[in-house]
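Structural features, examined
One-letter residues, chain by chain:
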Amino acid sequence: MTEQTTVVAMPGLNEAAPPFTAKTTQGTLSLEDSKGKWLVLFSDPADFTPVCTTEFMAFTQASADFTALNCEPMGLSIEGIHAHIAWARSIKDNLGVEINFPIIADLNIKIAGAYGMVQPGASNTSAVRATFVIDPEGVLRAMLYYPMSNGRSVAEILGLAEALQTSDANVCATPESWIPGNEVIVPPPAITQEAEVLKVQGYN
């Protein structure tokens, strides 16, 4: 008897992000509604769970930083609108943080399936902690996956969004742990004369 392997659908980097239209805690929204802005689409395993609650609070508390980057977070879990609303109210009432970004209801697992948020090795019914950074043209630029047991770093996601924007604007790459103001990496010269020009211009 041959053991079956489950194949998870995965979107591709630098390709169009899978389109969606869904009910959220802020009304029906689609990927198209985010055109012109950077979108951080992230999934969580379940409402009313401790790790997910800390993440939703962290995304909310970083809202000014996301706004400064023309970037908006959007959450998702495989639960309904009423559960999402009750969870958001519980966070506000008990922890004093009002969730200010939309949360997608994905009971039919349609969006989670298209984005590869459900990993059979972890669960067949819950989304892992997946994060997708989508640019203003709807192109998927980055993907991060965390296990269910460990919360993701919102600071890392903010830094990644800013690094992507810096690379786009300046045709450069960023080194490990780059922060704004630090040196970036420019494309290497193709010919000797270009190397001399870069040296004169002060490039290291």
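Summarised in this report is the structure supplied together with it. Sequence order as written defines the numbering, with residues in each chain counted from 1. In keeping with the model being predicted, local features are shown solely for residues with a pLDDT of at least 70 and side-chain atom pairs are shown and tallied solely at 80 or more, while totals for entire chains, interfaces and linings include all residues. The basis for every side-chain value is the complete set of heavy atoms in the structure, and neither hydrogens nor water enter the calculation.

Considerations on the nonpolar core
Under the convention used in this document: Only buried residues count toward a nonpolar core. Its members are Ala, Val, Leu, Ile, Met, Phe, Trp, Tyr and Cys residues joined through side-chain atoms within 4.5 Å. Buried means the residue's accessible area, taken with a 1.4 Å probe over protein chains only, is under 20% of the maximum for its type, while exposed means over 50%, and partly exposed covers the values in between. The secondary structure listing takes helices from DSSP runs of H or I that are at least 4 residues long and strands from runs of E that are at least 2 residues long, numbered from the N terminus. Note on contacts: a residue pair is in contact if any heavy atoms of the two residues lie within 4.5 Å.
If you look at the biggest cluster of nonpolar residues, it comprises 26 residues, and the most contacted ones within it are V40, F56, F59, F66, I91, I99 and F101. When contributions to this core are tallied by element, the ones reaching two or more residues are β3 (38-43), α1 (50-61), α3 (81-95), β7 (140-146) and α5 (154-170). Each residue touching F59, except ones within four places of it in the same chain, is listed here: V40, F42, F66, P73, F101, R152, V154 and I157. Of all hydrophobic cores here, the second largest spans 22 residues; its members include L41, I111, V128 and F132.

A short note on the packing of aromatic side chains
Between two aromatic rings, the relevant description is the distance of the centres plus the angle of the planes. Spelled out, the test is: Between 30 and 60 degrees the pair is tilted, below 30 it is stacked and above 60 it is edge-to-face, where a pair is any two Phe, Tyr or Trp rings, Trp via its six-membered ring, whose centres lie within 6.5 Å.
This model, assessed by the stated rule, comprises 10 aromatic pairs. With centroids separated by 4.0 Å and ring planes inclined at 15°, the aromatic side chains of F42 and F59 adopt a geometry described as stacked. Of the two residues, F42 is situated in strand β3 and F59 in helix α1; the sequence distance between them amounts to 17 residues. For the pair F42 and F59, a shared accessibility class is recorded, and that class is buried.

A closer look at the side chain of S30
Tracing the chain through its elements places S30 in strand β2 (residues 27-30). Taking relative accessible area as the criterion, S30 reaches 13% and is therefore assigned buried. The contact partners of S30, leaving out residues within four places of it in the chain, are F20 and T21.

Comments concerning the pattern of salt bridges
Inclusion rule: Any Lys or Arg side-chain nitrogen located within 4 Å of an Asp or Glu carboxyl oxygen qualifies as a salt bridge.
Counted by the stated rule, this structure contains eight salt bridges. Between R141 and D135 there is a salt bridge, with the nearest N and O atoms lying 3.3 Å from each other. No difference in accessibility class separates R141 from D135, as the two residues are buried. Each of D44, E55, R129 and R152 takes part in one network of salt bridges that share partners.

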